[in-house]
Amino acid sequence: MIWYPYAQMQTLAPPIQIRSARGVHLYTEDGRDLIDSVSSWWSVIHGYNNSEINDAIKSQLDKFAHVMLGGLTHEPVQQLSDKLAAWLPGDLNYCFFSDSGSVAVEVALKMALQFNTNRGSDRSLILALEHAYHGDTFKAMEVGDDEDYYFAFGSSNEKKRGVVHIPTTIPALEQAFAAYGDRLSCFIAEPLLQGAGGMRMYDISFLERARQLCDAHDVLLIFDEVATGFGRTGNRFVADLVLPDILVLGKALTGGYIGHAVTVANQRVWEGFLSDDPTHALMHGPTFMGNALACTAALKSIELFEKGNYIEKIRRIEAVTRREMQGFPSDKIREIRIMGGCVCVEVTDARYLDGFREFAMEHGVFSRPFLQYMYAMVPYVIEEWELVQILDVMKAWFAVSR
Ligand SMILES: *Cc1c(COP(=O)(O)O)cnc(C)c1O
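Residues numbered from 1 in each chain as written. Predicted model: local features only at pLDDT ≥ 70, side-chain atom pairs only at ≥ 80, totals over all residues. Heavy atoms only, no water.

J.: What's the story with a nonpolar patch on the surface in this structure? I'm lost.
T.: A surface patch of nonpolar side chains, about 260 Å² in accessible area, is lined by Ile2, Tyr4 and Leu12. When you line up the elements, tyrosine 4 lands in the segment before strand 1 (18-22). (Patch = residues over 30% accessible without salt bridge, like charges linked within 9 Å, V, L, I, M, F, W, Y side chains within 5 Å. Areas by Shrake-Rupley, 256 points an atom, 1.4 Å probe, with all protein chains shown as cover. Salt bridge = Lys/Arg side-chain N within 4 Å of Asp/Glu carboxyl O. Helix = DSSP H or I, 4+ residues; strand = E, 2+ residues; numbered from the N terminus.)

J.: Just checking my understanding: could you explain the sheet that holds strand 1 for this structure?
T.: As a general point, the strands of a sheet are linked pairwise by backbone hydrogen bonds and lie either parallel or antiparallel. With mixed pairing, the 4 strands of this open sheet are ordered in space as 1-2-3-15. The two strands at the open ends of the sheet, each matched to only one other strand, are strand 1 and strand 15 (365-366). Alignment of strand 1 against strand 2 (residues 25-28), held across 4 bridges, turns out to be antiparallel. The partner of arginine 22 across the bridge, within strand 2, is histidine 25. Running over the sheet, helix 14 (residues 384-399) touches strand 2, strand 3 (33-36) and strand 15 and is turned about 90° from strand 3. (Pairing = 2+ DSSP bridges. Contact = heavy atoms within 4.5 Å. Axes fitted to C-alpha atoms, helices over the stretch in contact; angles between N-to-C directions.)

J.: Looking at this structure, I do not really get the site of the ligand. What am I missing?
T.: Lining the immediate surroundings of the ligand are Trp42, Ser100, Gly101, Ser102, Tyr133, His134, Gly135, Glu190, Asp224, Val226, Ala227 and Lys251. Between an oxygen atom of the ligand and a side-chain N or O atom of serine 102, the distance comes to 2.6 Å. Contacts to the ligand include lysine 251, whose side-chain N or O atom sits 2.6 Å from an oxygen atom. In the complex, the protein chains occlude 82% of the 380 Å² of accessible area that the ligand would expose alone. Class assignment for the residues of the shell around the ligand results in 4 nonpolar, 5 polar and 3 charged. (Near = heavy atom within 4 Å. Polar contact = N/O pair within 3.5 Å; in protein donor to acceptor, adjacent residues only side chain to side chain. Nonpolar A, V, L, I, M, F, W, Y, C, P; charged D, E, K, R; others polar.)

J.: Teacher, can you tell me more about helix 3 (residues 75-87) here?
T.: Every α-helical turn comprises 3.6 residues, leaving residues that sit three or four positions apart pointing alike. Helix length check: helix 3, at 13 residues, gives a terminal C-alpha distance of 18 Å against a target of 18 Å (1.5 Å per residue), a fit within 8%. Within the span of helix 3, buried status applies to Pro76, Val77, Leu80, Leu84 and Trp87. Angular distribution of buried residues about the axis of helix 3 spans 105°; they occupy a single face of the element. Of the residues in helix 3, the exposed ones pointing more than 90 degrees away from the buried face are Glu75, Asp82 and Ala86. Structurally, helix 3 contributes buried residues whose contacts are with helix 2 (51-61), strand 4 (94-98), strand 11 (246-249), strand 12 (261-265) and helix 11 (292-307). (Expected span 1.5 Å × (residues − 1). Buried < 20%, exposed > 50% of the residue type's maximum accessible area, 1.4 Å probe, protein only. Arc of directions from axis to C-beta.)

J.: Even after reading the chapter, I still don't get the environment of leucine 293, so can you show me in this structure?
T.: Structurally, leucine 293 can be placed in helix 11. C-alpha of leucine 293 to C-alpha of leucine 80: the two residues are 213 residues apart in sequence and 11 Å apart in space. In this view, leucine 293 contacts Ile57, Gln60, Leu61, Phe64, Ala65 and Ile258; residues no more than four positions away in its chain are not counted.

This is the structure:
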């Protein structure tokens, strides 16, 4: 039996059986051709079955698939860390690899907390955002602000003593630093776009102010760009606009091919772990960190991103989306939000989306709305007609009266 994610297994509708996939198309076992509006949880930025990534993985496979990084190293992981150090802004140069975004967030938080204990400081409080999502492991859930956590694991006050959550407003930010600034180890945020918390978008001025306050109060700034990295907001990384001390990447890192993630620290954080004292080392080591196939896929994915002028592609996706959604009215819609390669239609009542998944499928689109959010985060290689078809299906849903 497969235990599927985020689902009550007693009532789960049978998942759609996929036989093959190419570009932005999913081909089902029962003969349907679906345009994928989700990019397999926002990761498949080059589409499915990309021949260049396929070939790169195959040639690495003939050498070896995996060796551990405990006492061993290899060219793909070295090349990827060199590439990231050169490609990422500022002095974000020190790459700790892991197998998933959640684990990479855990590593970032461990870095921030131990950075402080290593220097004899007892700062242990973490500042985070309301509606944040940072993954499903325990500390990631704690810094997150996801109601599922409350359902299954108890009340916020009991379990979240070490985390302060604030909305994305500058006054709230300033108040939090005034109240807790000398006790904070770090501020962790999904920059500009909060994904799983409801595709919430906010202004860069908030992050600029956060950078200033972090500097003034000696607090580390962590950007969780597991979702926003690699162009999703229309910026290569939001870190290009405001520089964090620790950057977390995942999802699209390997072009959605193989689960892998990386926590990238700057010079200062790195140096906070250099010591004659062995207990100052970072004690973490996922079995599959730096997996050679994953690193090879990531290197090829970044190469495609660079040589394919992806920022231009994403700009076009945003422009077409704005054009198509322009003035689209419905009294069931609370707000339409668009940023880069993300569009979200928030309805006033989650029940207005009941049946949309099936409706979209009948019209050749795979969609996975959640709560009151209908959204599209498409592969960047999408053609205009394919994108328009997705947006037409979203609009058609509201045109049909029900
Ligand atoms: C998906 C996501 C994660 C968790 O990544 P996994 O690979 O699913 O563990 C963490 N942070 C953000 C912002 C995400 O969108």
